[in-house]
Amino acid sequence: MTERRLLIVEDDEAFARTLKRSFERRDYDVRVAHGPEGLDELLAGFHPDFAVVDLKLGAASGLGCVQTLSAFDPAMRIVVLTGFASIATAVEAIKLGASYYLAKPSNTDDIEAAFGRAEGNAEAPLDGRQSSIKTVEWEHIHQTLVETGFNISEAARRLGMHRRTLARKLEKRQVR
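Residues numbered from 1 in each chain as written. Predicted model: local features only at pLDDT ≥ 70, side-chain atom pairs only at ≥ 80, totals over all residues. Heavy atoms only, no water.

Caption draft 1: Fine view of the pattern of salt bridges. Taken as a whole and judged by the stated rule, the model has ten salt bridges. The closest approach of N and O atoms between Arg-26 and Asp-109, which form a salt bridge, is 2.5 Å. In this pair, Arg-26 sits in the loop between α1 (13–25) and β2 (28–33) while Asp-109 sits in helix α5 (residues 108–116), placing the two residues 83 residues apart along the sequence. A relative accessible area of 46% places Asp-109 in the partly exposed class. The salt bridge partner of Glu-92 is Lys-95, with a shortest N-O separation of 3.8 Å. Pair noted here: Glu-92 and Lys-95 are both in helix α4 (residues 87–95), with a separation of three residues, about one helical turn. (Salt bridge = Lys/Arg side-chain N within 4 Å of Asp/Glu carboxyl O. Helix = DSSP H or I, 4+ residues; strand = E, 2+ residues; numbered from the N terminus. Buried < 20%, exposed > 50% of the residue type's maximum accessible area, 1.4 Å probe, protein only.)

This is the structure we're talking about:
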């Protein structure tokens, strides 16, 4: 069997360790980066076939890592994980080279299945449920955060709210 190489970019060390062990049991050669720092050095000595990238890496955005990985190898299968799935960030992740976008909690089976999904599904059911005001507000906040590179002060200015108000909203519903 050909060895499969996987890079995990995740700031939650316990989750990264668990994911690493789980993929190693499935015969993947796994490396972990805890953020965008050092990603270039890691790629200098390791050429992954697959990558799992957390959307929110501390104060940094995982979208930059997706862009770096896609530029390194456009054929790499990249799955983005996030604690709150937003349409805006899903679209950005795909535009930057991600293959798939999964909401947490996702397990090894979900991620590995996503690696194998190369085509879209035209038969996917359409969700007839209306978005709540809170969901629409949250997606607008999240889109603004993406546009500002997760700069809270600039996002608050663009949203027309006080920085502390935005910070309180973000504490209630973490962007991960």
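Okay, back to it.
Caption draft 2: Structural context of the sheet that holds strand β1 (residues 4–9). Taken in spatial order, the five strands of this open sheet run β2-β1-β3-β6-β7, and their pairing is parallel. Looking at the sheet topology across the chains shown, the edges are occupied by β2 and β7 (100–103). Across the sheet, the mean angle separating the axes of adjacent strands is 20° when strand polarity is ignored. The pairing of strand β3 (residues 50–54) with strand β6 (residues 77–82) spans five bridges and is classified as parallel. For Phe-50, the partnering residue across the bridge sits in β6 and is Arg-77. Lying over the sheet, α5 contacts β1, β2, β3, β6 and β7, oriented at roughly 140° with respect to β6. (Pairing = 2+ DSSP bridges. Axes fitted to C-alpha atoms, helices over the stretch in contact; angles between N-to-C directions. Contact = heavy atoms within 4.5 Å.)

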